[in-house]
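Structure assessment
These are the residues of each chain, in order.
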Amino acid sequence: MSNIENQVKINSKTNFYIASVSKTFTASAIMLLRDKGLVNINDSIREYFPDLQDYYKDIKIINLINHTSGLRDYFKVFLDKDILNGVTNEKVYHYIKTNNMIEFHIGTKFQYSNTGYVLLAMLVEKVSGVSFSQFLSHEIFKPLNMKSTFVNSPLQPIIPNKAYAYKEIDNVNYCDDHLILTTGDGGIYSNIEDLLLWSQVFNNDKLSSGGVIEEIFSTKI
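Here's what I pulled together on the structure shown here. Small disclaimer: the values here were computed from a predicted structure and weren't measured. (Residues numbered from 1 in each chain as written. Predicted model: local features only at pLDDT ≥ 70, side-chain atom pairs only at ≥ 80, totals over all residues. Heavy atoms only, no water.)

1. A closer look at the environment of Glu139
- By the element assignment, Glu139 lies in helix H6 (residues 132-141).
- For Glu139, a relative accessible area of 23% translates into the label partly exposed.
- Separated by 106 residues in the primary sequence, Glu139 and Leu33 have C-alpha atoms spaced 10.0 Å apart. (Helix = DSSP H or I, 4+ residues; strand = E, 2+ residues; numbered from the N terminus. Buried < 20%, exposed > 50% of the residue type's maximum accessible area, 1.4 Å probe, protein only.)

Written out as structure tokens, the structure is:
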């Protein structure tokens, strides 16, 4: 069931919160900006976020993409502090600015970081001049005819065919929907029909210039 209260069954048009699968869209958005000549993936992130402290200056955009930035995962930090629900990109960025989030020397190893992908979404907005949602809609969703894919936001209208999350306690189901409002690291709803279109783009490497898929998924350090 996508909605237990109304006994709505899941089907191919049911829109799920796709969590970290959203990162594939974020990385691809950066590569599209790269192809337009608007960013260089070897640029320091401080070129775009000059208010970050000096110890972030050696982090390159590509380090954010392939999780070699050394940035601590905000998700774990906020979960430990019990401040995860309702968190936004702005709150994550404020935390980055005021805290040293670096756990290891940049580029020396791989460590999964949601923090890097929040920064990438903010970078897309800064460089493109439009919201992350608008950029993905104009550059990816509409061209690929992905009519049921949406970026979540506090102001997002009702998502059609949405699958709600539940938690069972003592044999009773309670609504336990997603309350994190960050984008870039997550934040997208989609269904199996749209994700089939997306996977075909990746299989054919037709989204951007040659070799982009290899760059996004590179494990080289």
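Moving on, there is more to tell.
2. Comments concerning helix H7 (residues 192-204)
- For H7, which comprises 13 residues, the first-to-last C-alpha distance of 18 Å matches the rise-based estimate of 18 Å (1.5 Å per residue) to within 8%.
- Listed in full, the buried residues belonging to H7 are Asp194, Trp198, Val201 and Phe202. An end-on view of H7 places all buried positions within 95° of arc, on one side of the element. Turned more than 90 degrees from where H7 packs its buried face, Ile192 and Asn203 sit exposed.
- Its side-chain oxygen placed 3.2 Å from the backbone nitrogen of Glu193, Asn191 serves as the N-cap of H7. (Expected span 1.5 Å × (residues − 1). Arc of directions from axis to C-beta. Polar contact = N/O pair within 3.5 Å; in protein donor to acceptor, adjacent residues only side chain to side chain.)

3. Quick notes on the environment of Ile188
- Here Ile188 lies in strand S5 (residues 188-190).
- For Ile188, a relative accessible area of 0% puts it in the buried group.
- Between the alpha carbons of Ile188 and Leu71 there is a distance of 23 Å; along the sequence they are 117 residues apart.
- If we ignore the near neighbours within four places in the chain, the residues touching Ile188 are Phe16, Tyr17, Ile18, Ala19, Ser22, Phe25, Leu136, Phe141, Thr149, Phe150 and Val151. (Contact = heavy atoms within 4.5 Å.)

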